[in-house]
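# Overview (structure and organization)
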Amino acid sequence: MASNFVKELEWRGMLHDAMPGTEEYLMEGMQSAYVGIDPTADSLHIGHLVGVMMLRHFQLAGHKPIALVGGATGMIGDPSGKSSERNLLDEATLRHNQEALKNQLSRFLDFESDADNAAVLVNNYDWMKGFSFLDFIRDVGKHITVNYMMAKDSVKKRLSAEAKEGMSFTEFTYQLVQGYDFLHLFRTHNCTLQMGGSDQWGNITTGTELIRRIGGGKGYALTCPLITKADGSKFGKTESGNVWLDAERTSPYKFYQYWLNTSDADAEKYIKIFTFLSKQEIEHLVAEHSQAPHLRLLQKKLAEEITEMVHSKEELENAMKASEILFGKSTSQDLKALNEKTFLDIFEGVPQAQVPMASLEGGLDMIAALSAQTGFLGSNGEARRELKQNSISVNKEKVQEDYLIGREDLINGKFVLLQRGKKNYFVLTVTE
């Protein structure tokens, strides 16, 4: 017997709206549901994660999840909440992106087992590419009136007086194409539920309408709230852009830091949405956190759970070690264990200077390293003073004026970390 999927979403704050009868229908036995994922990049970002978590909960509740890569719809651009159309992708790029996304999704969903509810990955390009325009408007278009399509919020917003640009016919047809996906999956995979963000409600219900009018069946719709941050800024974005699941695009260290830096209000909300901790565990954590907010227990647990899930236990441990580096609890060994990307992420924005490798051959003296060659400190006199006061470190270890920086001090073969006191860092980049 399936567990109650809708109730699970409800207590986690992941339910925005569901068509009447959805909860009862899902309790009747194993059902299939899909979530659409945009394949315009070869990685998911954390904005996609809510939909993925919904699919995972759906599978855990005993149902069959379908991840639909929107190869065809990705070529059009969804008007919901967007003010302009997106670029069209060629098929080779789409296929590459699809494979990369499946890899990431398999960290959450079980595609491989023999279980009846093993996950399935489909691409709507496969059934849309051979569909001629005439066939589409004859077989699908005639069943939905323009009045019905115009009444959708996503269309209304784009046609309103405030909208800067109008809406192209291509985008207007988007809801028909997405609606047809639902009908196609209803016919081929017995899929009776589509899930998505609350901005997708109009597109999803167009699908249930097509299933009723053309398929003679019943489809259901369920949406989750759009994730927001308590301060009103956009969830999933940093100054440098999206927070990606791909380690090459967003290092595990930066990924971990993103969650670690969430506010108390957001951490309490996110830990329900982005982890699989039970209600009891979360309530216990929230109570503990409220006793001593400065310890940031919620943020730490959230960051640990999600970093391990997206990356691995090993990457989580590396990210945690890297996070300690700025707070003075680490050694030169810890620094030397960092890869270049993580090192640069940690010391992003720290002043840097380049010195040639040749200057390290006989050893670079500390006065040159601190002042003459780098400008880290204002003058040679200041450099001498700071060294006498024992406030200068090389790679986290205190040094005196007679210390010489050599090749053995290089982190990743090219960096040396200088530090004055606890908080003033400077990076020497050694060039060939």
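On a predicted model such as this, the values are computed, not experimentally measured, just so you know.

### Regarding the UniProt feature "binding site: L-tyrosine" (unreviewed entry) in the protein
As recorded in UniProt, the sites labelled "binding site: L-tyrosine" (unreviewed entry) are Tyr-34, Tyr-174 and Gln-178. Looking at where Tyr-174 falls in the secondary structure, it is placed in helix α10 (residues 174-189). Residue class for Gln-178 comes out buried when judged on its relative accessible area of 6%. Not counting residues within four places of it along the chain, the set of residues in contact with Gln-178 comprises Tyr-34, Thr-73, Gln-194, Gln-200, Asn-203 and Ile-204.

### Focus: the packing of helix α13 (residues 264-273) against helix α15 (residues 297-310)
It is at 9 Å that the axes of α13 and α15 come closest, and there the two elements cross at 40°. Relative to α15, α13 is oriented oblique. In terms of crossing hand, the pair formed by α13 and α15 is left-handed. Contacts between α13 and α15 involve Asp-264, Ala-267, Glu-268, Tyr-270 and Ile-271 from the former and Leu-298, Gln-299, Lys-301 and Leu-302 from the latter. When grouped by side-chain class, the residues that make up the contact of α13 with α15 number five nonpolar, one polar and three charged.

### Let's talk about the UniProt feature "short sequence motif: 'HIGH' region" (unreviewed entry) in the protein
As recorded in UniProt, the feature "short sequence motif: 'HIGH' region" (unreviewed entry) lies at residues 39-48. Secondary structure across residues 39-48 comprises 0% helix and 0% strand; the distance between its end C-alpha atoms is 11 Å.

### Quick look at the sheet that holds strand β11 (residues 392-394)
Spatial strand order, β9-β15-β14-β11-β12: five strands in an open sheet with mixed pairing. Bordering the open sheet on either side are β9 (352-356) and β12 (397-398), each of which pairs with just one other strand. In this structure, β9 lies alongside strand β15 (residues 424-431), joined through five bridges in parallel fashion. Each residue of the ladder has a partner; that of Pro-356, found in β15, is Thr-431.

### Focus: the side chain of Ser-371
The topology assignment puts Ser-371 in helix α20 (residues 366-372). A polar side-chain atom of Ser-371 sits 3.1 Å from a polar atom in the side chain of Asn-380. Among all residues touching Ser-371, those that are not within four sequence positions of it are Leu-377, Gly-378, Ser-379, Asn-380 and Ala-383.

### Considerations on the sheet that holds strand β6 (residues 220-224)
Read across the open sheet, the six strands follow the order β1-β6-β5-β2-β3-β4; overall the sheet is mixed. Two strands lie at the open edges of the sheet, namely β1 (17-18) and β4 (120-123), each paired on one side alone. Relative to β4, strand β3 (residues 64-69) runs parallel, the two being bridged by four bridges. Looking across to β4, one finds that Ile-66 is bridged to Val-120. Sheet contacts for helix α11 (residues 201-213): β1, β5 (191-197) and β6; angle to β6, the most-contacted strand, approximately 170°.

### Concerning the packing of aromatic side chains
Scanning the entire structure with this criterion turns up 19 aromatic pairs. Ring geometry for Tyr-25 versus Tyr-220: centroids 4.4 Å apart, planes at 15°, classification stacked. With Tyr-25 in helix α2 (residues 22-27) and Tyr-220 in strand β6, the pair connects residues that are 195 residues apart, well separated along the chain. Judged on exposure class, the residue Tyr-25 and its partner Tyr-220 are both buried. Taken together, a centroid distance of 6.2 Å and an interplanar angle of 80° make the contact between Phe-136 and Tyr-180 edge-to-face. Linking Phe-136 in helix α6 (residues 133-139) with Tyr-180 in helix α10, this pair joins segments that are 44 residues apart in sequence. Overall, Phe-136 belongs to the buried group, its relative accessible area being 10%. In textbook terms, an aromatic cluster arises when at least three aromatic residues are bridged by ring pairs, as seen for Phe-235, Phe-255, Tyr-258, Trp-259, Tyr-270 and Phe-274. Positioned over the ring face of Phe-276 is Arg-56, at 5.9 Å from the centre of the ring. The ring of Trp-244 has Arg-249 lying over it, and the distance from NZ or CZ to the ring centre is 4.4 Å.

### Remarks on the packing of α15 against helix α16 (residues 313-325)
Contact geometry for α15 and α16: axes closest at 7 Å, N-to-C directions at 135°. Relative to α16, α15 is oriented oblique. Here the hand of the crossing between α15 and α16 comes out right-handed. Here α15 contributes Ala-303, Glu-304, Thr-307 and Glu-308 to the contact with α16, which in turn contributes Lys-313, Leu-316 and Met-320. Here the residues of the contact of α15 with α16 are counted per class, giving three nonpolar, one polar and three charged.

### Here's the deal with the nonpolar core
Phe-5, Ile-46, Phe-108, Met-195, Trp-259 and Phe-274 are the most contacted members of the largest nonpolar core, which totals 59 residues. Element by element, the count of residues in this core is highest for helix α3 (residues 49-60), at seven residues. With residues near it in sequence (within four places) discarded, Ile-46 still touches Phe-235, Gly-236, Val-243, Leu-245, Phe-255, Tyr-258, Trp-259 and Phe-274. Ranked by size, the runner-up nonpolar core spans 29 residues in total, among them Phe-131, Phe-172, Cys-191 and Ala-221.

What counts and how
Residues numbered from 1 in each chain as written. Predicted model: local features only at pLDDT ≥ 70, side-chain atom pairs only at ≥ 80, totals over all residues. Heavy atoms only, no water. UniProt positions renumbered as here; feature names shortened; annotations may be inferred. Helix = DSSP H or I, 4+ residues; strand = E, 2+ residues; numbered from the N terminus. Buried < 20%, exposed > 50% of the residue type's maximum accessible area, 1.4 Å probe, protein only. Contact = heavy atoms within 4.5 Å. Axes fitted to C-alpha atoms, helices over the stretch in contact; angles between N-to-C directions. Parallel < 35°, antiparallel > 145°, perpendicular 65-115°, else oblique. Left-handed = near helix turned anticlockwise from the far one by under 90°. Nonpolar A, V, L, I, M, F, W, Y, C, P; charged D, E, K, R; others polar. Pairing = 2+ DSSP bridges. Polar contact = N/O pair within 3.5 Å; in protein donor to acceptor, adjacent residues only side chain to side chain. Phe/Tyr/Trp six-rings, centres within 6.5 Å; stacked < 30°, edge-to-face > 60°. Lys NZ or Arg CZ within 6 Å of the ring centre and 35° of its normal. Core = buried A, V, L, I, M, F, W, Y, C linked by side-chain atoms within 4.5 Å.

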